[in-house]
Amino acid sequence: MNASTAHQIVVLGAGYTGLIATARLARYTRRLNARITLVNPSPRFTERLRMHQVAAGQELTDFQIPDLLKGTGVRFHQAAATTIGTADRTVALDDGALLHYDTLVYALGSATDTSIVPGAADHAWTLNDPHLAHRLSRQLPGIAAAGGTVTVCGGGLTGIEAAAEIAEAHPALTVNLVCATEPGSMMGEKARAHLNRVLNRLGVVRMVGVKVTKVLPDAVSLDTGELVSSDLTLWTTGVRVPQLAAQAGIATDGRGLIVTDSTLRSVSHPEIHAIGDAALVRQSWGQLHGTCQSGVVTADYTADVIARLLRGKPVKPLRFGYFHQPVSLGRKDAVVQFTKADDTPRRWYLKGKAAVIYKEQVSGTPPVAAKMSRYVKIPVQLSKGGRATRKAA
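In this report, we go over the structure that sits alongside the text.

Thresholds, definitions, all that
Residues numbered from 1 in each chain as written. Predicted model: local features only at pLDDT ≥ 70, side-chain atom pairs only at ≥ 80, totals over all residues. Heavy atoms only, no water. Helix = DSSP H or I, 4+ residues; strand = E, 2+ residues; numbered from the N terminus. Rg over C-alpha atoms; globule rule 2.2 N^0.38 Å. Buried < 20%, exposed > 50% of the residue type's maximum accessible area, 1.4 Å probe, protein only. Salt bridge = Lys/Arg side-chain N within 4 Å of Asp/Glu carboxyl O. Phe/Tyr/Trp six-rings, centres within 6.5 Å; stacked < 30°, edge-to-face > 60°. Axes fitted to C-alpha atoms, helices over the stretch in contact; angles between N-to-C directions. Parallel < 35°, antiparallel > 145°, perpendicular 65-115°, else oblique. Left-handed = near helix turned anticlockwise from the far one by under 90°. Contact = heavy atoms within 4.5 Å. Nonpolar A, V, L, I, M, F, W, Y, C, P; charged D, E, K, R; others polar. Pairing = 2+ DSSP bridges. Core = buried A, V, L, I, M, F, W, Y, C linked by side-chain atoms within 4.5 Å.

**Some details on the overall build of the protein**
Next up, step 1: Scanning the protein for helices and strands turns up eleven helices and 25 strands.
Next up, step 2: Relative to a compact globule of 393 residues, whose C-alpha radius of gyration would be 21 Å, the protein shows 21 Å and is just as compact.
Next up, step 3: Principal-axis analysis of the C-alpha atoms gives the protein an extent of 65 × 45 × 35 Å.
Next up, step 4: Counting the 393 residues in the protein, one finds 51% classified as buried.

**Observations concerning the pattern of salt bridges**
Next up, step 1: Under the definition given, this model contains twelve salt bridges.
Next up, step 2: Residue Arg 24 is joined to Asp 300 by a salt bridge in which the shortest nitrogen-to-oxygen separation is 2.9 Å. Separated by 276 residues along the polypeptide, Arg 24 in helix α1 (residues 16–28) and Asp 300 in helix α9 (residues 292–311) bring together distant segments of the chain.
Next up, step 3: The buried category is assigned to Arg 24, whose relative accessible area is 0%.
Next up, step 4: For the salt bridge of Glu 182 with Arg 192, the shortest nitrogen-to-oxygen distance reads 3.5 Å. Of the two residues, Glu 182 is situated in the loop between β11 (174–179) and α7 (189–202) and Arg 192 in helix α7; the sequence distance between them amounts to ten residues.
Next up, step 5: Through salt bridges with shared partners, a single ionic network connects Arg 24, Asp 300 and Lys 377.

**A look at the packing of aromatic side chains**
Next up, step 1: A complete count under the given rule lists five aromatic pairs for this structure.
Next up, step 2: Ring centres of Trp 285 and Tyr 322 lie 5.6 Å apart, and the angle between their planes is 65°; this geometry places the pair in the edge-to-face category. Within this pair, whereas Trp 285 is found in the loop between β21 (282–283) and β22 (286–287), its partner Tyr 322 is found in the loop between α9 and β23 (324–328), the two being separated by 37 residues in sequence.
Next up, step 3: Judged by its relative accessible area of 1%, Tyr 322 is buried.
Next up, step 4: Taking the centre distance of 4.9 Å and the plane angle of 80° together, the rings of Phe 320 and Tyr 322 count as edge-to-face.
Next up, step 5: A residue is classified by how much of its surface remains accessible, and Phe 320, at 2% relative accessible area, is buried.
Next up, step 6: Put simply, the rings of Trp 285, Phe 320 and Tyr 322 pair up and form one aromatic cluster.

**Describing the packing of α1 against helix α10 (residues 352–372)**
Between two packed helices, what matters for the description is the angle formed by their axes and the separation of those axes.
Next up, step 1: At a minimum axis distance of 8 Å, the contact between α1 and α10 shows a crossing angle of 25°. The angle between α1 and α10 falls in the class roughly parallel. Viewed along their axes, α1 and α10 form a crossing whose handedness is left-handed. On α10, the residues that touch Tyr 16, Leu 19, Ile 20, Ala 23 and Arg 24 of α1 are Pro 366, Ala 369 and Ala 370.
Next up, step 2: Here the contact of α1 with α10 is composed, by residue class, of seven nonpolar, no polar and one charged.

**Overview of the sheet that holds strand β4 (residues 81–85)**
Sheet strands line up and pair through hydrogen bonds in the backbone, either parallel or antiparallel.
Next up, step 1: Spatially, the three strands line up as an open sheet ordered β4-β5-β6, and their pairing is antiparallel. Two strands in the sheet have a free side with no partner beyond their single neighbour: β4 and β6 (98–100). Put simply, the sheet's adjacent strands are angled 20° from each other on average, direction ignored.

**Observations concerning the nonpolar core**
Next up, step 1: Residues Leu 12, Leu 25, Ile 84, Leu 104 and Tyr 106 are the most contacted members of the largest nonpolar core, which totals 60 residues.
Next up, step 2: For this core, the element with the most residues is α9, which contributes nine residues.
Next up, step 3: With residues near it in sequence (within four places) discarded, Leu 25 still touches Ile 9, Val 11, Ile 36, Val 105, Ala 303 and Ile 306.
Next up, step 4: Counting residues in each nonpolar core, the second largest holds 35 residues, with Met 51, Val 175, Leu 199 and Leu 202 among its members.

**A closer look at the packing of α1 against α9**
Next up, step 1: Running from amino to carboxyl end, α1 crosses α9 at an angle of 30°, the nearest separation of the two axes being 8 Å. In terms of their interaxial angle, α1 and α9 are classed as roughly parallel. Between α1 and α9 the crossing geometry is right-handed. For the pair α1 and α9, the contacting residues are Tyr 16, Thr 17, Ile 20, Ala 21, Arg 24, Leu 25 and Tyr 28 in the first and Cys 292, Gly 295, Val 296, Thr 298, Ala 299, Asp 300, Ala 303, Asp 304, Ile 306, Ala 307 and Arg 311 in the second.
Next up, step 2: Looking at side-chain class alone, the contact of α1 with α9 contains eleven nonpolar, three polar and four charged residues.

**Describing the sheet that holds strand β14 (residues 219–222)**
Next up, step 1: Pairing is antiparallel in the open sheet, where three strands are placed in the order β13-β14-β15. Every other strand in the sheet has two partners, leaving β13 (212–216) and β15 (227–229) as the edge strands with one partner each. Direction aside, the axes of adjacent strands within the sheet are offset by 20° on average.

Here you go:
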């Protein structure tokens, strides 16, 4: 490779999407004159799918990003992006470095939004950061010893998994789950029934059909006027994305998601490819929502698109359909709802030990897929959406 003339590819973010995109780019462009740089603030890969396990006091495998990409030729730059200069195609980093790009992959992901309710940012914990999750876990034994209460706000999959994991690990705790809709409302009736049986067994108290209006140091206030005592509050609802793209003048929606075309390129700056939670991606059945399931598919697809563009080959639009909703319910139980392309439930589901094994395979695949990409391509897409996306394509 001639470094001075190489096509410079910069990937921002090494979460599930950024890591998979980088590993696949290295594989797909290995015979091309391309140089790949991955930028991330931490050298450790954060398994966001397992942050509820960290919060409950479990130790995860220490996956170091440089080790996962060893032998691929990828340069890892530990820093955070501060600005994107679209005119001269540069990215400024917080360590003072300035990177030039010919192609930019924007994979900065999302985080839980604590700004939507007063007091949440000051008094609630989140699972945004593994260090915070570790600190949270160290609070729980003392609260449990005093017979205290933990309140999980948000009945989505993250809230359900966190409530179940904490309740199983610390049975002396009272664990509240506050949610505007019924937990597992996106699932079919039978899968939801199993989920509720497990939550009952674990003693998780559900407060359904209510919203938190304020988070206090030792309580949460509900829209019913009730004040619920809480020794520790975990916030899992609401999503925010970095405003880096919007500040750079890249076309975004009102939330800051990069608006993409059918090949996941920015509609205003086609040299920028947006993937995962930070991208506005539409299919014929609707808009993708932030999940690892869709994120890793957009990552692999984008790596292939970039390689094809460099070779002067045609590119087909993305076709994606959701396939499943895997939910862990502690370490001993789980439920998996199989879905249609638009993520609505099918009749089929798994529960119990079979679902535990299935969920573990899902959670463990991304780092393995990244590491093995040097040798073999491990599939990350389970469904292209079938008839729901074939007609549009």
